[in-house]
Amino acid sequence: MSRPEHTAAAERFYSKGEAARYDDSARMQATQRSLADRALQLLDLPPRIPQLLLDAGCGTGYSGRPLEKAGHSWIGTDISMNMLHNAVASSSGRRSGKAKVVSGDLGAGFAFRGDLFDGCISISAVQWLCHATRPEHDPPRRVRKFFLALREVLCGGARAILQLYPEQPAHMKMLRDAALAAGFGGGLVVDYPWSERSKKLFLVLIKGKGKGVPQPRADKLFGKVAQPLRRHYNGQGVAQPSDYLPLSDKHFLAMFEALWQAHVAFGGWKKKPKKKRKREEEAAAPPPSHGAMAKPKKMKKEKAVIPNTGRWESTLAARLLGGP
């Protein structure tokens, strides 16, 4: 199945019908809200103090519900008018009122005044900037524009949690370089680092109150919340500890590529041979000779349990996480 970014530009891909299917999907709803709940933990906002948050690429507003539940206000932006219409329609009648959303392209910046938001989340949206979905698109330029504009609208000391699905390590390098150039500090939190299918990547950023953020301070702040709570991911938690890669580490790309390839390699279980039908066995058996004694029935042997021979791959990431 091809990625949506390869199909069409976001505003064309999310047609009226596609936006309706997205909004009606119970699986998508559970996934997006679970990811938003995890992003909210990584924001680490002060308890019982309402904040104004930005949801960049809000879609139909799934990721805004955990923010409302925690007592915060939010404003969402998205390039697809069809997705925004569904966000407003689905929020009507809620105690918090209709969703406050604005149409806008993440690669063109934000139409907000500076130092407005106390934090930002983005769920499954930023990877679109790494693809040229229009002839005039220049991905590196659009990514730089996004991070510069994001830093402009955040208050000093505010965090941005960007959950994304980069297609290749080169895209992660593009995002990392642009974030550092814009003056952000932070790193990359990787949930399910050993799962080939379940990896979740969160680019965790913080805006300093001056020109930049010392990396040790950013590492200390995000290190406290890097491990997800049990309530995240539908109450399942994670099987292995999450990993944190500092953005300014000179080995960042090498560590990321190792994590990109790493997964648990389970050993081969022997396939059970197909049972022959009784008729086929009778037809293949030689006819019994006269006077021959009937052979005693063979006792069924107990099947030996084949142990799993899986082991952690010996990669750089494995050594970083303490694997053998």
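We now turn to the structure provided with this report. All figures in this text were calculated on a predicted structure; none of them were measured in a lab.

**Things to note about the overall build of the protein chain**
For the protein chain, the count of helices and strands is 12 helices and eight strands. Restricting to contacts in the protein chain with at least 6 residues of sequence separation, those with at least 24 account for 76%.

**Some thoughts on the nonpolar core**
Judged by nonpolar contacts, the single largest core of 41 residues is most densely connected at F147 and L203. For this core, the elements supplying multiple residues, two or more each, are β1 (52-56), β4 (117-123), α7 (139-153), β5 (154-164), α8 (169-181), β6 (184-191), β7 (200-207) and α10 (252-261). Here this core gets six residues from one element, more than from any other, and that element is α7. Ignoring sequence-local partners within four residues, the contact set of F147 consists of L162, L175, A178, A179, A182, F184, L203 and L205. By size, the runner-up hydrophobic cluster in this structure holds 26 residues, among which are A36, L42, F202 and V213.

**So, the environment of S124**
Locating S124 in the fold gives a position in the loop between β4 and α7. Sequence separation of S124 and L164 is 40 residues, and the distance between their C-alpha atoms is 4.8 Å. With sequence-adjacent residues up to four places away left out, S124 is seen in contact with Q32, L35, Q163 and Y165. Of note is the side chain of S124, whose polar atom sits 2.9 Å from the side chain of Q163.

**A look at the environment of F117**
When you line up the elements, F117 lands in strand β4. By relative accessible area, F117 is classed as buried at 0%. The spacing of F117 and L154 is 37 residues in sequence and 4.9 Å in space, taken between C-alpha atoms.

**Points about the packing of aromatic side chains**
The full count for this structure, using the stated rule, is 11 aromatic pairs. Arranged with centres 5.1 Å apart and planes meeting at 85°, the rings of F112 and F117 form a pair that is edge-to-face. When the ring of F146 is compared with that of F147, the centres are 5.0 Å apart and the planes differ by 65°; the resulting orientation is edge-to-face. Just as F146 is buried, F147 falls in that class too.

Quick notes on the rules
Residues numbered from 1 in each chain as written. Predicted model: local features only at pLDDT ≥ 70, side-chain atom pairs only at ≥ 80, totals over all residues. Heavy atoms only, no water. Helix = DSSP H or I, 4+ residues; strand = E, 2+ residues; numbered from the N terminus. Contact = heavy atoms within 4.5 Å. Core = buried A, V, L, I, M, F, W, Y, C linked by side-chain atoms within 4.5 Å. Buried < 20%, exposed > 50% of the residue type's maximum accessible area, 1.4 Å probe, protein only. Polar contact = N/O pair within 3.5 Å; in protein donor to acceptor, adjacent residues only side chain to side chain. Phe/Tyr/Trp six-rings, centres within 6.5 Å; stacked < 30°, edge-to-face > 60°.

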